[in-house]
Amino acid sequence: MVADGLVDEFKRLLPWQRKTQRGNLALLVATMLEVRSANLMDLAAALPRDADRTDMRYQWIARVLGNALIDPDAVMAPFAAEVLARAAADRRGIVLILDQSKVSDRHQVLMVALRHGERALPLAWRVETTEGAIGFGTQKALLDAVAPWMPADAKICLMGDRFYGTADLISLCQERGWSYRLRLKGTLTVKDRAGRTTTAARAKGEIRYLEDVELTARRAKTHIGIIRDPGHDQPWIVAMSEKPGYLTTLDYSGRWGIEPMFSDFKSRGFGVENTQIQYPDRLARLLLVMALALYSAVSTGLWDEAHHPTPAEKKF
């Protein structure tokens, strides 16, 4: 029943996708919601398809995940467009979060997500076979992929952890006219009227807000806000597009919305880190199934809140 409902939704949003591919995706998403596991054997055991053995259903799932005609970016685009339009109507605008997470023993995923309440919704991702950080080339390609999905004249802010506080990414945001809150490493060189030093050295001083400083040898100009909270080992050193102040620096806390989303994918949710998939493209399509499952759950919750609100929701 859930798969049938998803087929109707996929037909509305993905009219160009082949009917069999829409049906296969819907069936996998419905099964994912049922078993709440990314383990292919768990999915195969629960898959409502006529087959004599579980391994035959496993092979069917493997074929779907290996289908190059199912492009995660193309499938996600219409779903992302709807939630981005909703977010653009909010006075705070669209908050994008860029982050990376380990999804298996061999693979890392670089994800762009949309902040949604206190959490985040996945928009697009890239899976690579690596143990280290995914570089700026892939970051740019990922942001280039989602940029056309943004509503016209929308207010957009990109947030990222210390992996992403680079002159290259700051310059990219400035070229696109995006606001940004990107945490910086303490080892970066900054230069202004007071001279040349490191971000860590500036964080130890009395001045907490720096304007129009040049960052690294690339000399990308940016503002920097610094927050040193008691009980925290390291200060927040945040590059930003707006005039620095306590509240504009504190905006960076919005980045944490992606952490519970990663938990939904991993140990506290579908358990993707336990998958035995060896190929990045197939793992990317498994993430697509999980992302569509999250979208289905969120949209169902929003519908239920609108049509059957609890007393607390009515009061709110």
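Right, let's walk through the structure included here. Bear in mind that the values here come from a model prediction, so they are computed numbers and not experimental data.

Time to look at the overall build of the chain. The secondary structure content of the chain amounts to 12 helices and 10 strands. Principal-axis analysis of the C-alpha atoms gives the chain an extent of 75 × 50 × 40 Å. Each of the 316 residues in the chain was classed as buried or not, and the buried ones make up 46%. At a minimum sequence separation of 6, the contacts of the chain that also span at least 24 residues come to 56%. Within the structure as shown, the chain displays about 16,300 Å² of accessible surface, and the carbon and sulfur contribution to it stands at 50%.

Moving on, we get to the environment of Leu6. If you trace the backbone, Leu6 turns up in helix 1 (residues 2-13). Setting aside its immediate chain neighbours within four residues, Leu6 contacts Ala26, Val29, Ala30 and Ser296.

Leu96, Leu123, Trp125 and Leu286 are the most contacted members of the largest nonpolar core, which has 94 residues in total. Top element by residues in this core is helix 11 (residues 280-307). It accounts for 12 residues. Grouped together as the second largest cluster of nonpolar side chains are 5 residues, Ile227, Trp236, Met240 and Tyr252 included.

Let us look at the packing of helix 2 (residues 19-35) against helix 11. Between helix 2 and helix 11, the shortest axis-to-axis distance is 9 Å and the interhelical angle comes to 70 degrees. Considering the angle they form, helix 2 stands roughly perpendicular to helix 11. Every pair of crossing elements has a handedness; the one defined by helix 2 and helix 11 is right-handed. Note on element contacts: helix 11 touches helix 2 through Leu286, Leu288, Val289, Met290, Leu292, Ala293 and Ser296, opposite Leu25, Leu28, Val29, Met32 and Leu33. Partitioned by chemical class, the residues of the contact of helix 2 with helix 11 number 11 nonpolar, 1 polar and no charged.

Let's shift gears to the sheet that holds strand 9 (residues 220-227). The strands making up a sheet associate through backbone hydrogen bonding, with each pair oriented either parallel or antiparallel. Sheet architecture is open: 10 strands sit in the order 3-2-1-4-5-10-9-8-6-7, paired in mixed fashion. Sheet topology places strand 3 (119-129) and strand 7 (195-198) at the edges, where each strand pairs with a single neighbour. For this sheet, the mean inter-axis angle between neighbouring strands, taken without regard to orientation, is 30 degrees. Of the pairings in the sheet, the one linking strand 6 (residues 189-192) to strand 8 (residues 209-215) comprises 2 bridges and is antiparallel in character. Across the sheet, Val190 pairs through a bridge with Leu215, a residue of strand 8. Sheet contacts for helix 11: strand 2 (107-116) and strand 3; angle to strand 3, the most-contacted strand, approximately 175 degrees.

Moving on, we get to the packing of aromatic side chains. Inspection of the entire model under this criterion finds 4 aromatic pairs. Judged by centre distance (6.2 Å) and plane angle (80 degrees), the ring pair of Phe79 and Tyr295 falls under edge-to-face. Taken together, the positions of Phe79 in helix 5 (residues 72-88) and Tyr295 in helix 11 put the pair 216 residues apart, joining distant regions of the chain. The class for Phe79 is buried, based on a relative accessible area of 8%.

Throughout the structure, instances matching the rule amount to 14 salt bridges. The partner of Asp73 in a salt bridge is Arg126, and the shortest N-O contact between them spans 2.8 Å. Here the residue Asp73 occupies a position in helix 5, and Arg126 occupies one in strand 3, the gap between them amounting to 53 residues. For Asp251, the salt bridge is made with Arg181, and the minimal N-O distance between the two is 3.2 Å. With Asp251 in the loop between helix 9 (246-250) and helix 10 (258-265) and Arg181 in strand 5 (residues 179-183), this residue pair connects regions lying 70 residues apart in the sequence. Among the charged side chains, a network of salt bridges with common partners joins Glu9, Arg12 and Glu82.

In this section: helix 6 (residues 136-146). When we look at burial in helix 6, the residues that qualify are Thr138, Gln139, Leu142, Leu143 and Val146. For helix 6, the angular spread of the buried residues around the axis is 130 degrees, confining them to a single face. Looking at the buried positions of helix 6, the neighbouring elements they touch are strand 1 (94-102), strand 2, strand 3, strand 4 (156-160) and helix 7 (167-176).

All buried positions along helix 10 are accounted for by Ile258, Met261, Phe262 and Phe265. The buried side chains of helix 10 occupy one side of the element, clustering within an arc of 100 degrees when seen end-on.

Turning our eyes to something else, we now look at unusual backbone geometry. With a phi close to 65 degrees, Asp153 is a non-glycine residue in the positive phi region. Considering the arrangement of structural elements, one finds Asp153 in the loop between helix 6 and strand 4. Of note, the phi angle at Asp212 is positive, near 55 degrees, even though the residue is not glycine. With respect to the helices, strands and loops of the structure, Asp212 is situated in strand 8. You can call Asp212 partly exposed: its relative accessible area is 46%.

Cut-off values and rules
- Residues numbered from 1 in each chain as written.
- Predicted model: local features only at pLDDT ≥ 70, side-chain atom pairs only at ≥ 80, totals over all residues.
- Heavy atoms only, no water.
- Helix = DSSP H or I, 4+ residues; strand = E, 2+ residues; numbered from the N terminus.
- Buried < 20%, exposed > 50% of the residue type's maximum accessible area, 1.4 Å probe, protein only.
- Contact = heavy atoms within 4.5 Å.
- Areas by Shrake-Rupley, 256 points an atom, 1.4 Å probe, with all protein chains shown as cover.
- Core = buried A, V, L, I, M, F, W, Y, C linked by side-chain atoms within 4.5 Å.
- Axes fitted to C-alpha atoms, helices over the stretch in contact; angles between N-to-C directions.
- Parallel < 35°, antiparallel > 145°, perpendicular 65-115°, else oblique.
- Left-handed = near helix turned anticlockwise from the far one by under 90°.
- Nonpolar A, V, L, I, M, F, W, Y, C, P; charged D, E, K, R; others polar.
- Pairing = 2+ DSSP bridges.
- Phe/Tyr/Trp six-rings, centres within 6.5 Å; stacked < 30°, edge-to-face > 60°.
- Salt bridge = Lys/Arg side-chain N within 4 Å of Asp/Glu carboxyl O.
- Arc of directions from axis to C-beta.

So yeah, pure geometry; function would need other evidence.
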